[in-house]
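Survey of secondary and tertiary structure
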Amino acid sequence: MGEETLGIDIGGSGIKGAPVDTAEGALTRERFRLPTPKPATPRAVAKVLGDVVEHFGWTGPVGVTFPGVVVGGVTMSAANVDRKWIGLDAAALFREATGRPVTLLNDADAAGLAEMRLGAGRGKGGTVVVLTLGTGIGSALFTDGVIVPNTEFGHLEIDGHDAETRAAARIREEEKLGWDEWAERLGRYLSRLEALICPSLIILGGGVSKRADRFVPLITGVRAPIVPATLVNNAGIVGAAMAAAAAAHPREAAEVRPS
Ligand code: BGC
(Lines give C-alpha, C1' and ligand atoms only; values in the text may rest on other atoms or scores of the structure.)
Protein backbone atom coordinates (compact mmCIF):
# COMPACT_ATOMS: atom_id res chain seq x y z
CA MET A 1 0.00 0.00 0.00
CA GLY A 2 1.23 3.52 -0.85
CA GLU A 3 0.95 6.69 1.12
CA GLU A 4 -2.49 7.83 2.24
CA THR A 5 -3.90 11.33 1.83
CA LEU A 6 -7.33 12.59 2.81
CA GLY A 7 -9.49 13.75 -0.12
CA ILE A 8 -12.64 15.82 0.40
CA ASP A 9 -15.16 16.70 -2.31
CA ILE A 10 -17.41 19.72 -1.74
CA GLY A 11 -20.61 19.15 -3.69
CA GLY A 12 -23.96 20.92 -3.89
CA SER A 13 -25.72 18.46 -1.59
CA GLY A 14 -22.94 16.64 0.25
CA ILE A 15 -19.39 17.05 1.50
CA LYS A 16 -17.70 13.66 1.17
CA GLY A 17 -14.28 12.54 2.26
CA ALA A 18 -12.08 9.49 2.60
CA PRO A 19 -8.41 8.64 2.97
CA VAL A 20 -7.00 7.54 -0.38
CA ASP A 21 -4.04 5.39 -1.29
CA THR A 22 -2.88 7.77 -3.98
CA ALA A 23 -0.74 5.20 -5.81
CA GLU A 24 -3.70 2.85 -6.23
CA GLY A 25 -6.44 5.47 -6.24
CA ALA A 26 -8.34 3.32 -3.74
CA LEU A 27 -10.25 4.57 -0.71
CA THR A 28 -8.68 2.98 2.36
CA ARG A 29 -11.63 3.65 4.68
CA GLU A 30 -15.35 3.96 4.14
CA ARG A 31 -16.22 7.39 2.85
CA PHE A 32 -17.85 9.84 5.26
CA ARG A 33 -20.54 12.23 4.05
CA LEU A 34 -22.14 15.22 5.72
CA PRO A 35 -24.82 17.41 4.13
CA THR A 36 -23.59 20.64 2.55
CA PRO A 37 -24.75 23.47 4.85
CA LYS A 38 -27.52 25.72 3.57
CA PRO A 39 -26.56 28.40 2.80
CA ALA A 40 -23.10 27.07 1.87
CA THR A 41 -21.19 30.06 3.23
CA PRO A 42 -17.40 29.77 3.55
CA ARG A 43 -17.55 29.67 7.35
CA ALA A 44 -20.25 26.95 7.43
CA VAL A 45 -18.43 24.81 4.85
CA ALA A 46 -15.11 25.21 6.70
CA LYS A 47 -16.78 23.93 9.87
CA VAL A 48 -18.00 20.80 8.05
CA LEU A 49 -14.51 20.22 6.60
CA GLY A 50 -13.17 20.35 10.15
CA ASP A 51 -15.74 17.70 11.14
CA VAL A 52 -14.69 15.41 8.27
CA VAL A 53 -11.01 15.74 9.22
CA GLU A 54 -11.88 15.02 12.84
CA HIS A 55 -14.00 11.99 11.89
CA PHE A 56 -10.90 10.33 10.42
CA GLY A 57 -8.59 11.69 13.17
CA TRP A 58 -6.53 12.93 10.24
CA THR A 59 -3.12 14.49 10.90
CA GLY A 60 -1.62 14.64 7.37
CA PRO A 61 -2.24 16.79 4.29
CA VAL A 62 -5.76 17.24 2.94
CA GLY A 63 -6.93 17.78 -0.65
CA VAL A 64 -10.21 19.63 -1.13
CA THR A 65 -12.30 20.28 -4.25
CA PHE A 66 -14.36 23.39 -4.89
CA PRO A 67 -17.07 23.87 -7.57
CA GLY A 68 -15.50 27.01 -9.04
CA VAL A 69 -12.23 28.52 -10.24
CA VAL A 70 -9.37 28.23 -7.72
CA VAL A 71 -6.12 30.13 -8.26
CA GLY A 72 -3.40 29.83 -5.62
CA GLY A 73 -5.95 28.78 -2.99
CA VAL A 74 -8.24 31.73 -3.74
CA THR A 75 -11.76 30.90 -4.97
CA MET A 76 -12.51 33.16 -7.91
CA SER A 77 -15.99 32.21 -9.13
CA ALA A 78 -19.23 30.90 -7.68
CA ALA A 79 -21.66 29.84 -10.40
CA ASN A 80 -23.68 27.49 -8.18
CA VAL A 81 -22.54 28.48 -4.69
CA ASP A 82 -22.73 31.43 -2.28
CA ARG A 83 -21.16 34.58 -3.74
CA LYS A 84 -19.18 35.16 -0.54
CA TRP A 85 -16.61 32.73 -1.98
CA ILE A 86 -15.50 35.10 -4.71
CA GLY A 87 -12.02 36.48 -3.99
CA LEU A 88 -11.68 34.54 -0.73
CA ASP A 89 -8.45 32.79 0.35
CA ALA A 90 -10.44 29.61 0.94
CA ALA A 91 -7.32 27.45 1.30
CA ALA A 92 -6.20 29.62 4.24
CA LEU A 93 -9.69 29.44 5.78
CA PHE A 94 -9.69 25.62 5.45
CA ARG A 95 -6.17 25.35 6.87
CA GLU A 96 -7.32 27.32 9.88
CA ALA A 97 -10.49 25.24 10.28
CA THR A 98 -8.74 21.87 9.96
CA GLY A 99 -5.28 22.63 11.36
CA ARG A 100 -3.84 20.68 8.41
CA PRO A 101 -2.00 21.57 5.19
CA VAL A 102 -4.74 22.01 2.56
CA THR A 103 -4.52 21.86 -1.23
CA LEU A 104 -7.59 23.31 -2.91
CA LEU A 105 -8.54 22.77 -6.55
CA ASN A 106 -11.51 22.92 -8.90
CA ASP A 107 -13.84 19.89 -8.61
CA ALA A 108 -13.76 18.97 -12.31
CA ASP A 109 -9.97 19.34 -12.37
CA ALA A 110 -9.77 16.91 -9.45
CA ALA A 111 -12.10 14.41 -11.16
CA GLY A 112 -10.11 14.81 -14.37
CA LEU A 113 -6.77 14.16 -12.66
CA ALA A 114 -8.13 10.94 -11.17
CA GLU A 115 -9.70 9.87 -14.47
CA MET A 116 -6.48 10.50 -16.40
CA ARG A 117 -4.31 8.62 -13.96
CA LEU A 118 -6.59 5.71 -13.13
CA GLY A 119 -9.71 5.78 -15.27
CA ALA A 120 -10.85 6.26 -18.85
CA GLY A 121 -7.99 8.64 -19.65
CA ARG A 122 -5.20 6.37 -18.48
CA GLY A 123 -2.27 6.48 -20.91
CA LYS A 124 -4.09 8.84 -23.29
CA GLY A 125 -1.99 11.55 -24.89
CA GLY A 126 -3.14 14.39 -27.14
CA THR A 127 -5.84 16.84 -26.10
CA VAL A 128 -8.28 15.18 -23.72
CA VAL A 129 -11.24 16.95 -22.15
CA VAL A 130 -13.05 15.53 -19.13
CA LEU A 131 -16.52 17.01 -18.56
CA THR A 132 -18.53 16.47 -15.38
CA LEU A 133 -22.26 16.58 -15.97
CA GLY A 134 -24.09 17.39 -12.75
CA THR A 135 -25.63 20.53 -11.23
CA GLY A 136 -23.40 22.42 -13.65
CA ILE A 137 -20.89 21.34 -16.27
CA GLY A 138 -17.30 21.18 -15.08
CA SER A 139 -14.30 20.74 -17.35
CA ALA A 140 -10.71 19.55 -17.11
CA LEU A 141 -8.35 19.91 -20.06
CA PHE A 142 -5.22 17.81 -20.57
CA THR A 143 -2.53 18.00 -23.16
CA ASP A 144 -0.36 14.87 -23.20
CA GLY A 145 -1.57 14.14 -19.68
CA VAL A 146 -0.69 17.56 -18.25
CA ILE A 147 -3.60 19.60 -16.95
CA VAL A 148 -4.43 23.16 -18.01
CA PRO A 149 -6.23 24.11 -14.77
CA ASN A 150 -9.45 26.06 -14.31
CA THR A 151 -10.98 25.74 -17.75
CA GLU A 152 -14.65 26.71 -17.51
CA PHE A 153 -16.06 25.11 -20.65
CA GLY A 154 -19.42 24.60 -18.96
CA HIS A 155 -20.00 28.31 -19.47
CA LEU A 156 -19.56 28.41 -23.24
CA GLU A 157 -22.33 30.45 -24.75
CA ILE A 158 -24.58 28.40 -27.01
CA ASP A 159 -27.50 30.09 -28.80
CA GLY A 160 -27.30 32.93 -26.29
CA HIS A 161 -27.40 30.62 -23.27
CA ASP A 162 -24.81 29.58 -20.72
CA ALA A 163 -24.23 25.96 -21.86
CA GLU A 164 -24.62 24.44 -18.41
CA THR A 165 -28.09 25.95 -18.07
CA ARG A 166 -29.09 23.94 -21.18
CA ALA A 167 -27.09 20.73 -21.02
CA ALA A 168 -26.13 19.89 -17.40
CA ALA A 169 -27.55 16.65 -15.99
CA ARG A 170 -29.67 18.69 -13.57
CA ILE A 171 -31.44 20.34 -16.52
CA ARG A 172 -32.38 16.94 -17.98
CA GLU A 173 -34.12 16.16 -14.69
CA GLU A 174 -35.66 19.58 -14.09
CA GLU A 175 -37.02 19.92 -17.61
CA LYS A 176 -37.92 16.21 -17.74
CA LEU A 177 -36.07 15.84 -21.04
CA GLY A 178 -36.01 12.47 -22.79
CA TRP A 179 -32.57 10.93 -23.34
CA ASP A 180 -32.83 11.82 -27.03
CA GLU A 181 -33.64 15.48 -26.31
CA TRP A 182 -30.83 15.78 -23.83
CA ALA A 183 -28.38 14.00 -26.17
CA GLU A 184 -29.27 16.51 -28.87
CA ARG A 185 -28.39 19.39 -26.55
CA LEU A 186 -25.19 17.65 -25.51
CA GLY A 187 -24.28 17.09 -29.15
CA ARG A 188 -24.76 20.76 -29.91
CA TYR A 189 -22.63 21.72 -26.94
CA LEU A 190 -19.89 19.17 -27.63
CA SER A 191 -19.62 20.03 -31.31
CA ARG A 192 -19.20 23.70 -30.40
CA LEU A 193 -16.51 22.78 -27.87
CA GLU A 194 -14.87 20.52 -30.42
CA ALA A 195 -14.70 23.38 -32.93
CA LEU A 196 -12.79 25.43 -30.34
CA ILE A 197 -10.31 22.95 -28.82
CA CYS A 198 -10.23 19.94 -31.18
CA PRO A 199 -9.96 17.20 -28.55
CA SER A 200 -8.71 13.71 -29.40
CA LEU A 201 -10.93 12.24 -26.66
CA ILE A 202 -13.96 13.42 -24.68
CA ILE A 203 -14.60 11.76 -21.31
CA LEU A 204 -18.02 12.33 -19.75
CA GLY A 205 -18.23 12.10 -15.95
CA GLY A 206 -20.73 12.92 -13.21
CA GLY A 207 -23.28 10.48 -11.79
CA VAL A 208 -25.23 10.36 -15.06
CA SER A 209 -22.24 8.81 -16.85
CA LYS A 210 -23.22 5.49 -15.21
CA ARG A 211 -26.10 5.57 -17.70
CA ALA A 212 -23.89 6.44 -20.65
CA ASP A 213 -25.40 3.65 -22.75
CA ARG A 214 -28.71 5.58 -22.68
CA PHE A 215 -27.38 8.80 -24.19
CA VAL A 216 -23.84 8.56 -25.61
CA PRO A 217 -24.95 6.53 -28.67
CA LEU A 218 -27.57 9.24 -29.37
CA ILE A 219 -25.02 12.08 -29.55
CA THR A 220 -24.36 13.14 -33.13
CA GLY A 221 -22.15 15.68 -34.90
CA VAL A 222 -19.04 15.10 -32.80
CA ARG A 223 -15.90 13.69 -34.41
CA ALA A 224 -13.88 12.85 -31.28
CA PRO A 225 -14.56 9.58 -29.49
CA ILE A 226 -16.83 10.04 -26.46
CA VAL A 227 -16.40 7.65 -23.54
CA PRO A 228 -17.87 7.54 -20.01
CA ALA A 229 -15.70 8.16 -16.96
CA THR A 230 -14.95 5.03 -14.99
CA LEU A 231 -14.36 6.40 -11.46
CA VAL A 232 -17.59 8.46 -11.25
CA ASN A 233 -18.58 8.60 -7.54
CA ASN A 234 -15.16 8.89 -6.00
CA ALA A 235 -13.27 10.73 -8.75
CA GLY A 236 -13.36 14.06 -6.85
CA ILE A 237 -12.14 12.54 -3.59
CA VAL A 238 -9.37 10.58 -5.32
CA GLY A 239 -8.26 13.55 -7.45
CA ALA A 240 -8.23 15.88 -4.43
CA ALA A 241 -6.05 13.43 -2.51
CA MET A 242 -3.75 13.05 -5.54
CA ALA A 243 -3.33 16.82 -5.80
CA ALA A 244 -2.53 17.14 -2.09
CA ALA A 245 -0.04 14.26 -2.28
CA ALA A 246 1.61 15.88 -5.30
CA ALA A 247 1.86 19.19 -3.41
CA ALA A 248 3.44 17.40 -0.44
CA HIS A 249 5.82 15.40 -2.67
CA PRO A 250 6.30 17.25 -5.95
CA ARG A 251 7.92 14.16 -7.51
CA GLU A 252 4.49 12.48 -7.55
CA ALA A 253 3.16 15.26 -9.77
CA ALA A 254 4.98 13.69 -12.72
CA GLU A 255 2.94 10.50 -12.27
CA VAL A 256 -0.19 12.35 -13.30
CA ARG A 257 1.16 12.18 -16.85
CA PRO A 258 0.32 9.09 -18.84
CA SER A 259 3.16 6.65 -19.32
C1 BGC B 1 -18.38 25.91 -12.26
C2 BGC B 1 -17.15 25.05 -12.41
C3 BGC B 1 -17.40 23.70 -11.79
C4 BGC B 1 -18.66 23.07 -12.36
C5 BGC B 1 -19.00 21.74 -11.72
C6 BGC B 1 -19.57 25.20 -12.86
O7 BGC B 1 -20.72 25.98 -12.72
O8 BGC B 1 -18.21 27.17 -12.89
O9 BGC B 1 -16.02 25.67 -11.82
O10 BGC B 1 -16.30 22.86 -12.02
O11 BGC B 1 -19.76 23.94 -12.21
O12 BGC B 1 -19.23 21.87 -10.36
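Residues numbered from 1 in each chain as written. Predicted model: local features only at pLDDT ≥ 70, side-chain atom pairs only at ≥ 80, totals over all residues. Heavy atoms only, no water.

Right, let's get into the sheet that holds strand S10 (residues 127–133). Ordered by their spatial adjacency, five strands build an open sheet running S12-S11-S10-S15-S16, and the pairing between neighbours is mixed. At either margin of the open sheet sits one strand with a lone partner, and together these are strand S12 (146–148) and strand S16 (226–228). Taken pair by pair, the neighbouring strands of this sheet meet at an average axis angle of 30°, ignoring direction. Pairing between S10 and strand S11 (residues 137–143): seven bridges, direction antiparallel. What sits directly across from Val129, in S11, is Leu141. Its contacts with the sheet put helix H3 (residues 107–118) on S10, S11, S12 and strand S15 (201–205), and the angle it makes with S11 is roughly 45°. The strands touched by helix H6 (residues 179–197) within the sheet are S10, S11, S15 and S16, with S10 carrying the most contacts at an inclination of about 150°. (Pairing = 2+ DSSP bridges. Helix = DSSP H or I, 4+ residues; strand = E, 2+ residues; numbered from the N terminus. Axes fitted to C-alpha atoms, helices over the stretch in contact; angles between N-to-C directions. Contact = heavy atoms within 4.5 Å.)

All chains considered together, the criterion is met by six aromatic pairs. Ring centres of Phe66 and Trp85 lie 4.9 Å apart, and the angle between their planes is 50°; on these two criteria the pair is classed as tilted. Pair noted here: Phe66 is in strand S5 (residues 62–66) and Trp85 is in the loop between strand S7 (74–75) and strand S8 (88–89), with a separation of 19 residues, a long-range link. On the numbers, 5.9 Å between centres and 65° between planes, the contact of Trp85 with Phe94 is edge-to-face. Taken individually, Trp85 and Phe94 each receive the classification buried, so the pair is uniform in this respect. (Phe/Tyr/Trp six-rings, centres within 6.5 Å; stacked < 30°, edge-to-face > 60°. Buried < 20%, exposed > 50% of the residue type's maximum accessible area, 1.4 Å probe, protein only.)

Shape is all these values report; function is a separate question.
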